[in-house]
Amino acid sequence: MAREATKGHKAAVTFLAWGVALLIFFPILWTFLTSFKTEGEAINSHPSFLFFDWTLENYETVNQRSDYLAHFWNSVVISVGSTVLGLIIAVPAAWSMAFVPGKRTKDILMWMLSTKMLPAVGVLVPIYLLARDAGLLDTKTGLVIVLTMVNLPIIVWMLYTYFKEIPAEILEAARMDGATLSSEILYVLTPMAVPGIASTLLLNVILAWNESFWTLNLTAASAAPLTAFIASYSSPEGLFYAKLSAASTMAIAPIMILGWFSQKQLVRGLTFGAVK
Amino acid sequence: MTMTLRALAGASLTVALMGTASAQTTITVATVNNGDMIRMQRLTPEFNALHPDIKVNWVTLEENVLRQRVTTDIASKGGQYDVLTIGNYEVPIWAKQGWLMPLENLGADYDQADLLPQVAQGLTVDGKLHAVPFYAESSMLMYRTDLLEKAGLKMPENPDWDFITDAAAKMTDKGAGIYGICLRGKAGWGENMAFLTSMNNSMGGAWFDMEWKPEFTGPEWKKTLDTYLKLMKEYGPPGSSSNGFNENLALFQTGKCGMWIDATVAASFISDPKESQVADKVGFAPSPVRKGGSNHGNWLWSWNLAIPATTSKAEAAKTFVAWATSPAYAKLVAEKDGIANVPPGTRTSLYKNPEYVKVAPFAEMTLTAIEAANTQKPSEKAVPYTGGQFVAIPEFQAIGTAVGQQFSAALAGSATADQALAAAQALTTREMTRAGYPKK
């Protein structure tokens, strides 16, 4: 009896999980399908799900009109660059806050988080002016710096929570054995925190890849990443849904593949603690 | 090994030096993703053949993103762009701020006098052009000749709103999925408000009186909104409060609309048999007037190329702008893609070309509509502003969109017409007071 109830319960949960997953995934699936339709089919008021004339013409047009690889490369440099730079700053910062907290550590953490509460557009003009004067407008360097700063609070917070779960005694033991500060962080702390660091890294690559406010506003022609590539396919006059879908599919494909491959680490890092 | 490395390094150094030796001027052109602009982008190699020393970089963005992006850059003197694609709403406002370079001496072959006067006028500030038109459009009525005939009606030379209502009722056949009329319902100063402001002008109304007091509580706006809501609710397609230009275009092309009042540029899309299922059954007429009225309230919109005052490559930018809007460019498009694809609405010569008139059945009506648009006096009433489907003040974008949301809500049924008008009056009064109107 109890066993059956569990079975039923399990089935219900599985069903629910699949339902929610499909619901969340549906827009992506629809974008994917639309990218293979003709423009006329894409705006048909009785949309067909699978039975339409599949065509590759949207991908052809998009590839003819824009330089996908250039945008792709910009996206890679910006997202990986800002994440690596962020980690270099955040690992020592999170270490100090987790293991040698001062009187103001909690306040600093809150203050860092509070910068995320400000709408980005509120600081657009000052940042734009700074970037202009530093000659960083429309450069990958400029975007790497800005995105590092934008995502730094999240990186520090994530690492801080992972580090907090590592028993300080282990680090103490390393110190007793004569480890210097750098080797303590590099050889003792980091290996233990690898799942945490990995998921932080992945999440930040995804966040930076998808970031559209700064990447659109601080670039023009040469540093524009895939967000700008997508934005160029929306049109006020004329049909564009199919081509826009093709551009979107091409833009999200790399990050989705990365997500699939690293699913295990991502879920583990996000749900489990650092030390198990 | 070392030898190879050295050779490689030497080679790459040479390549790098060669690169700098033949340095070009690189200009960045910001534009929107409309068919005519994409064609211009595709024809860039032709420009390069004439001007090998100028390299053109393209930045294509969604209209609103482009507006925000370009405004930030110009206001903060970022200098990221050398050529901008902007509307005739922005040109006078930006020119007065000193953001745009006046355009003079565009070359011997430019033939500035050939530009349509109504269009050129909207881009002229202090007697100087501050942008040149790439293409322009007005508004007109597009209808299905077969459905009108079936309804037993004949399109008058100057249809009025009563005729439109009657025709919409007779053409509607909801069972067959045919709706008498499709109009813009999506909220936005350039979406439903472009149409409704024009319609209100044709009803004899205005946005503001001479004291800059909004007129939404007046009889004209009431008549406008009531007529619009009746048309849309009784004879319009379902879900029309989210329909903009593109959605209505799709509906019309698939035979779902009897009539559609919108931008003249739509005419070429709905008469193109490759895109439209009703290409051989479309007719064109002027925008409706009120009974006995003569103001069609035609709007006038042009997409223009301008050069920001912040550019450091003004000469190269001017060369490009002159090329893209010249008679020679029109000729180039005609040769490459056919004369029907020449950007419309900017040059008198195009409409005098018998070849064009032959392939574009909508040419005459388009020209009539543009010529009938009066941006200097959009309303029959005395008003303190210029414009047409918009009021040419910087505050209009925000106010127009907020009012558009009220009217869109009335169409969706979440507010009554009177509530929407009262809300529009209140919010416009508030915003205008805040902006310091009436300005002395």
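Values in this document were obtained by computation on a predicted structure and should not be read as measured data.

Each value, and the rule that gives it
Residues numbered from 1 in each chain as written. Chains lettered and ligands numbered in written order. Predicted model: local features only at pLDDT ≥ 70, side-chain atom pairs only at ≥ 80, totals over all residues. Helix = DSSP H or I, 4+ residues; strand = E, 2+ residues; numbered from the N terminus. Expected span 1.5 Å × (residues − 1). Bend = angle between axes of the 7 residues up to and from the residue. Buried ≥ 20, exposed ≤ 12 C-beta atoms within 10 Å, placed from the backbone. Contact = placed C-beta atoms within 7 Å. Nonpolar A, V, L, I, M, F, W, Y, C, P; charged D, E, K, R; others polar. Domains from an automatic or database assignment. pLDDT = per-residue confidence, 0-100. Core = buried A, V, L, I, M, F, W, Y, C linked by C-beta atoms within 7 Å. UniProt positions renumbered as here; feature names shortened; annotations may be inferred. Pairing = 2+ DSSP bridges. Axes fitted to C-alpha atoms, helices over the stretch in contact; angles between N-to-C directions. Parallel < 35°, antiparallel > 145°, perpendicular 65-115°, else oblique. Left-handed = near helix turned anticlockwise from the far one by under 90°.

Residues and elements named next belong to chain A. Look at helix H13 (residues 241–261): 29 Å from first C-alpha to last across 21 residues, which is about the 30 Å you get at 1.5 Å a residue. For H13, the principal kink sits at alanine 253 and spans about 35°; a proline, proline 254, occurs within the next four residues. Listed in full, the buried residues belonging to H13 are Tyr241, Ala242, Lys243, Leu244, Ser245, Ala246, Ala247, Ser248, Thr249, Met250 and Ala251.

Tallying the contact residues gives 23 residues for chain B and 23 residues for chain A. Taken together, the elements giving at least two residues each to the side of chain B that touches chain A come down to strand S1 (25–32), helix H2 (35–42), strand S2 (54–61), helix H4 (63–75) and helix H11 (245–253) of chain B. Class assignment for the residues of the side of chain B that touches chain A results in nine nonpolar, 11 polar and three charged.

Quoted interface sizes are often the accessible area lost when the parts come together. Residue and element names in this part refer to chain B. Looking at the assigned domains, one finds that chain B contains domain 1 (21–130 + 301–359) and domain 2 (138–299 + 373–434). Here domain 1 and domain 2 have C-alpha centroids that lie 29 Å from each other. With nine residues of domain 1 at the contact, the number on the domain 2 side is eight residues. Elements with a minimum of two residues in the side of domain 1 that touches domain 2: helix H5 (90–96) and helix H6 (117–122). Per-element accounting of the side of domain 1 that touches domain 2 gives the leading share, three residues, to H6. Residues that form the side of domain 1 that touches domain 2 fall into these classes: six nonpolar, three polar and no charged.

Below, the discussion takes up the confidence of the model for chain B. Residue and element names in this part refer to chain B. Mean pLDDT over chain B: 91, with 95% of residues reaching 70 or higher. Counting contacts from residues 12–21, a segment whose pLDDT is below 50, to residues more than four positions away or on other chains yields zero contacts. The complex prediction reports pTM at 0.84, with the ipTM value standing at 0.81.

The next thing to look at is the nonpolar core. Residues Ala94 and Leu159 of chain A together with Val83, Met142, Ile181, Met259 and Phe320 of chain B are the most contacted members of the largest nonpolar core, which totals 180 residues. Ranked by residues supplied to this core, first place goes to helix H7 (residues 140–164) of chain A with 14 residues. Apart from the residues lying within four places of it in its own chain, the contact partners of leucine 159 of chain A are Ala90, Val91, Ala94, Gly196, Ile197 and Thr200 of chain A.

It is worth spelling out the UniProt feature "transmembrane region" (unreviewed entry) in chain A at this point. All names here are of chain A. Those places that UniProt annotates as "transmembrane region" (unreviewed entry) correspond, in this numbering, to residues 12–33, 72–96, 108–131, 143–163, 184–207 and 240–261. Between the C-alpha atoms that bound residues 72–96 the distance is 36 Å, and the span itself is 100% helix and 0% strand. As annotated, residues 143–163 has a helix share of 100% and a strand share of 0%, and its two end C-alpha atoms lie 28 Å apart.

The next thing to look at is the domain arrangement of chain A. Domain annotation for chain A reports domain 1 (1–25) and domain 2 (66–271). Computed from C-alpha coordinates alone, the two centres of domain 1 of chain A and domain 2 of chain A are separated by 35 Å.

Under the UniProt annotation, "domain: ABC transmembrane type-1" (unreviewed entry) lies at residues 72–262 of chain A. Across residues 72–262 of chain A, helical content stands at 75% and strand content at 0%; the span's end C-alpha atoms are separated by 20 Å.

Quick look at the pairing of strand S3 (residues 83–87) of chain B now. Residues and elements named next belong to chain B. By the criterion of burial, S3 is predominantly enclosed, with four of the five residues buried. Sheet topology places S1 next to S3; two bridges connect them, and they run parallel. Across the sheet, alanine 30 pairs through a bridge with leucine 84, a residue of S3. Here four bridges tie S3 to strand S10 (residues 300–306), and the two strands are oriented antiparallel to one another. From the neighbouring strand, leucine 84 faces S10, where its bridge partner is alanine 306.

In this section: the packing of helix H8 (residues 168–176) of chain A against helix H9 (residues 181–192) of chain A. The description of two helices packed together rests on the angle between their axes and the distance between the axes. Residues and elements named next belong to chain A. Across the interface, H8 lies against H9 with an axial gap of 10 Å and an inter-helix angle of 135°. Considering their axes alone, H8 and H9 lie oblique with respect to each other. As H8 runs across H9, the sense of the crossing is right-handed. Across the interface between the two elements, Ile170, Leu171, Ala174 and Arg175 of H8 pack against Glu184, Val188 and Leu189 of H9. Tallied by class, the residues present in the contact of H8 with H9 amount to five nonpolar, no polar and two charged.

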